[in-house]
Amino acid sequence: MNSRPVLKIENLRTFFYSKGKRAFVRSVDGVNLRIGKGETLGIVGESGSGKSVTALSIMGLVPGEPGVIIGKIGLKTDNIQKNLLQDLRDYVKINMSTGRIMEVYKDNVGWQKNVDRVMQGIRGTEIAMIFQNPKLALNPFIPIGKQITESIRINTPIKKRSQARERAMYWLAKVKMDSPRLRYYNNPYGLSGGMCQRAMIAMALSSDPSLLIADEPTTGLDATIQSKIVDLLADLKSSVGVTTMLISHDINVIKALSDNVAVMYGGTLLEHGPVGIILSAEHQAKHPYTAALLESIPREKHIREKGYLQAIKGDVLDTINIPLGCRFYSRCDKVTEKIQEKCDNHEPDLREISSGHSLRCWLYYE
Amino acid sequence: MAESILEVENLRKYYLQPRGLFSPFKTEKRIIPAVDDVSFYIKKNETMGLVGETGCGKTTIGRSILKLTPVTSGRVIFNGTDITHLTPSEFRPYRRQMQMIFQDLDAALNPKMRIKSILTEALTVHHKLSEAEINHRIEELLEKVNLKKSKLSSFSGELSGGEKRRVGIARSLAVGARFLVADEPTSALDVSIQAQVVNLLKDLQKNLGLSYLFISHDLRIVELLSHKVAVMYLGRIVEMGLAGRIANAPRHPYTRILWSSLLKKKSQEATQVPSDQHDGRWGVFDFERSYSGCRFAPRCPVYEAKGNPAICSDPANAPKLSDIGNGHKVSCHFPLE
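Only a predicted model underlies this, so the values are computations on that prediction, with no experimental measurement involved. (Residues numbered from 1 in each chain as written. Chains lettered and ligands numbered in written order. Predicted model: local features only at pLDDT ≥ 70, side-chain atom pairs only at ≥ 80, totals over all residues.)

Here we look at the overall build of chain A
Looking only at helices and strands, chain A has 13 helices and 14 strands in total. Taken over 366 residues, chain A has a buried fraction of 48%. Within chain A, counting contacts between residues at least 6 apart in sequence, those at least 24 apart form 65% of the total. (Helix = DSSP H or I, 4+ residues; strand = E, 2+ residues; numbered from the N terminus. Buried ≥ 20, exposed ≤ 12 C-beta atoms within 10 Å, placed from the backbone. Contact = placed C-beta atoms within 7 Å.)

As structure tokens, this is what we get:
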């Protein structure tokens, strides 16, 4: 954590207006994060806890009309220092004490234009993203090599076609695509899911980004291919050393690749700290949600005894009606009578309980 | 030995791939053997796990058993009756007893129907029931799968992944199924929800005496739920036996690779990643590749270690699934010790 942060997110809130329910879905609700240079930050949480929306907010991909986004996202790299976020405050009326949005002015097209202007020269160049479904993210009608070449010519100083092609071949080899010179001319439909994901990674890294956002890079791949992609990402991490924000609901993937971990639930961070503390089964002082997530992974013991798994009761928090107290209260099984009243009525703040390890739970506060 | 509820004998399913616009007029056609000579049986109240990589024919087996796709040859025997060549009307009473839990529930549940109508439709398609009976049965079903009654008026789009999965299971149970083909029921679910679904499947098996064919590529879940496991590679079963034996003492090189990729992931350190010499060949398997003899040979570490023995690539000598004791079957010329 000593290195200076590449990305610093302060109090990010991203809401979506649901017309049917006439209320805001508070997908991301007050997130503070910093990613140091060369560090890999893993974000875990169930689906619907706001992981992907955080990533989209950073990339400026939240649509202006139903989406509302406030806070600060600062990017500081070797080439550029910029506040990525055009605060929506000019375009909506917000009650700043509660963060509640009172009114959205109809004209927030200007905001969208602003976002696009700010993100120019950053999307793809400074921040690259690997998407969840590589087959959908790649153009099915253009050979993958050509797509990478195109991305290189747009996003890097290399403008000559032949040079860019050499560069694309280099990156295809770097992500361990077999026979890159042949695969260069393959269309995405001719490749397996794992190979498409490799091509996506090659494309993302080819512009030499300062920050790589990997949104569920291994979901939907087979177990064998999954471990290959994890191997590849770990390999690239040591050889290329790119700062990465890794989003996944697979705790094993996060464990294998991250330095720091943030656990998200219901739009906020519940816990944040080094991977050794948060995701190790031995370390006792952890948030009940993290503990429950770790418990629900099938372990040797369950398999041997063919026993039941430890499920977390209930479902993911509905981010429209956010409770007054702790967001995890209704599913928490570690509530004691002493703190029950607090848990129900007051939301705990993110406090540091040991160096670099902070969490949001009344259980650990005196 | 308990009676077997389902027997599959020499099941084959070949797909014909058209070649070009005028393919109907051509005599030469490309055949894709999605399932090639597969035999197994499932006992009552037992779970059989079917594992393998994408495209190895797991789902095709599930679909052929339920007659959702016609088979090329072979027999499927359900409860002592050969159902392979029954007409649709003759098959109806059996359809009631065997159901499928689909992989993608966003596609399997009608987005424009409320949950109650979905369940009502499933109940009334095979039985004539009065309004009161329907309500009673739905209540029973909800209790079985642990779903809140308030969700009945929702649309499927308003439910979470776990709830949708429960509706899918409830719908299969509504017709009184005793045998379920569960096609990747836990993929694309979070670990917490996955645990709920796994527990539910276990509970239902205990209380209702269901039998499952559990198709998945999540090896841990398969090992946890199944009594028997069959490992498939390119349309063939390469190893079959009790779950514990397959996981802990695999004899086929492919099984060992599958399970070791899991172990590696478990104990992996971020900094130390063991290199794999087979990287190039990994993931480049498909039915289009020409092979002779053992299908796994091009990827097989044993084949390489033994210096490419001729028997492995001899087309006349394809390895057969042979018993090596305790019902553990393996199809390999050089089974591991």
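Here the narrative resumes, following the displayed structure.
Observations regarding the overall build of chain B
The helix and strand tally for chain B stands at eleven helices and twelve strands. Out of the 337 residues belonging to chain B, those deemed buried represent 42%. Once local pairs closer than 6 in sequence are excluded, the contacts in chain B between residues at least 24 apart make up 67%.

With respect to the interface of chain A and chain B
Contact residues are listed per partner, giving 38 residues for chain A and 36 residues for chain B. Only α7 (193-206), α8 (223-239), α9 (251-257), α11 (288-295) and α12 (300-305) of chain A provide two or more residues apiece to the side of chain A that touches chain B. In terms of residue count, the dominant contributor to the side of chain A that touches chain B is α8 of chain A (ten residues). Of the residues in the side of chain A that touches chain B, the class split is 18 nonpolar, eleven polar and nine charged. (Nonpolar A, V, L, I, M, F, W, Y, C, P; charged D, E, K, R; others polar.)

Concerning the pairing of strand β6 (residues 98-101) of chain B
Residues and elements named next belong to chain B. Here β6 shows no split at all, with Met-98 and Met-100 on one side and Gln-99 and Ile-101 on the other all buried. By the bridge criterion, four bridges tie β6 to strand β7 (residues 179-183) in an arrangement that is parallel. Residue pairing across strands places Met-100 opposite Val-181, the latter belonging to β7. (Pairing = 2+ DSSP bridges.)

Considering the sheet that holds strand β12 (residues 329-330) of chain B
Adjacent strands of a sheet pair through backbone hydrogen bonds, lying either parallel or antiparallel. Residue and element names in this part refer to chain B. The sheet built from eight strands is open, its strands ordered β6-β7-β8-β3-β9-β10-β12-β11 with mixed pairing. Sheet topology places β6 and β11 (322-323) at the edges, where each strand pairs with a single neighbour. Bridge analysis of strand β10 (residues 236-242) against β12 gives two bridges, and the strand direction is antiparallel. Among the inter-strand pairings, Glu-239 is bridged to a residue of β12, identified as Val-330.

Some details on the pairing of strand β4 (residues 73-78) of chain B
All names here are of chain B. Judged from the two bridges that link them, β4 and strand β5 (residues 81-82) form a sheet pairing that is antiparallel. The residue bridging Ile-77 from the neighbouring strand is Asp-82, located in β5. Count of turn residues in the β4/β5 antiparallel hairpin: two residues, of which Asn-79 carries a positive phi of about 55°.

Some thoughts on the environment of Gln-340 of chain A
Its location among the elements puts Gln-340 of chain A in helix α13 (residues 337-345). Gln-340 of chain A sits 225 residues away from Val-115 of chain A along the chain, and the two C-alpha atoms are 43 Å apart.

A short note on the domain arrangement of chain B
Residue and element names in this part refer to chain B. Looking at the assigned domains, one finds that chain B contains domain 1 (4-97 + 178-330) and domain 2 (111-175). Tallying the contact residues gives nine residues for domain 1 and eleven residues for domain 2. The biggest single contributor to the side of domain 1 that touches domain 2 is helix α7 (residues 191-208), with five residues. When grouped by side-chain class, the residues that make up the side of domain 1 that touches domain 2 number seven nonpolar, one polar and one charged. (Domains from an automatic or database assignment.)

A few points about α7 of chain B
The α-helix winds at 3.6 residues per turn, so residues separated by three or four positions along the chain end up facing the same way. The terminal C-alpha atoms of α7 of chain B, which comprises 18 residues, lie 25 Å apart, in line with the 26 Å expected from a rise of 1.5 Å per residue. Turning to α7 of chain B, its buried residues number three or more, namely Val-191, Ser-192, Ile-193, Gln-194, Ala-195, Gln-196, Val-197, Val-198, Leu-200 and Leu-201 of chain B. Buried residues belonging to α7 of chain B abut α9 and α11 of chain A together with α5 (131-145), α6 (161-174), β8 (211-215) and α8 (219-225) of chain B. Among the residues trailing α7 of chain B, Gly-209 of chain B stands out with phi positive, at a value near 65°. (Expected span 1.5 Å × (residues − 1).)

Examining the sheet that holds strand β13 (residues 351-354) of chain A
Residues and elements named next belong to chain A. Taken in spatial order, the eight strands of this open sheet run β8-β9-β10-β3-β11-β12-β14-β13, and their pairing is mixed. In this open sheet, the two strands that pair with only one neighbour each are β8 (127-130) and β13. The average angle at which neighbouring strand axes cross in this sheet is 20°, direction not considered. Two elements, strand β9 (residues 211-215) and strand β10 (residues 243-247), share five bridges in a ladder whose sense is parallel. (Axes fitted to C-alpha atoms, helices over the stretch in contact; angles between N-to-C directions.)

Describing the nonpolar core
Ranked by size, the top nonpolar core spans 179 residues in total, and within it Ile-213 and Val-263 of chain A together with Leu-213 and Val-231 of chain B carry the most contacts. Counting the residues that make up this core, at least three belong to each of domain 1 (4-97 + 178-330) and domain 2 (111-175) of chain B. Among all residues touching Ile-213 of chain A, those that are not within four sequence positions of it are Ala-55, Ile-58, Met-59, Ile-127, Met-129 and Met-245 of chain A. (Core = buried A, V, L, I, M, F, W, Y, C linked by C-beta atoms within 7 Å.)

Regarding the confidence of the model for chain B
Residues and elements named next belong to chain B. Of the residues in chain B, 87% reach a pLDDT of 70 or more, and the chain-wide mean stands at 82. When the elements of chain B are averaged for pLDDT, helix α10 (residues 253-267) gives the smallest value, 73, and β8 the largest, 93. Ignoring residues within four places in sequence, the model shows residues 268-285, a span with pLDDT below 50, making 24 contacts including any to other chains. For this predicted complex, the interface score ipTM comes out at 0.73, alongside a pTM of 0.80. (pLDDT = per-residue confidence, 0-100.)

Concerning helix α4 (residues 144-155) of chain A
The first and last C-alpha atoms of α4 of chain A sit 16 Å apart over twelve residues, in line with the 16 Å expected at 1.5 Å per residue. Elements in contact with the buried residues of α4 of chain A: α5 (161-174), α6 (180-183) and α7 of chain A.

Describing the packing of α6 of chain B against α7 of chain B
All names here are of chain B. As a packed pair, α6 and α7 sit with axes 9 Å apart at the nearest point and diverge in direction by 20°. When the axes of α6 and α7 are compared, the pair comes out roughly parallel. The element α6 and its partner α7 pack so that their crossing is right-handed. The segment α6 lies against α7, with Gly-161, Gly-162, Arg-165, Arg-166 and Ile-169 engaging Ile-193, Gln-196, Val-197 and Leu-200. Here the residues of the contact of α6 with α7 sort into four nonpolar, three polar and two charged. (Parallel < 35°, antiparallel > 145°, perpendicular 65-115°, else oblique. Left-handed = near helix turned anticlockwise from the far one by under 90°.)

Focus: the environment of Phe-91 of chain B
Residues and elements named next belong to chain B. Within the secondary structure, Phe-91 is located in helix α2 (residues 88-95). Phe-91 sits 203 residues away from Cys-294 along the chain, and the two C-alpha atoms are 37 Å apart. For Phe-91, the residues in contact, after removing those within four places along its chain, are Lys-67, Ile-83 and Leu-86.

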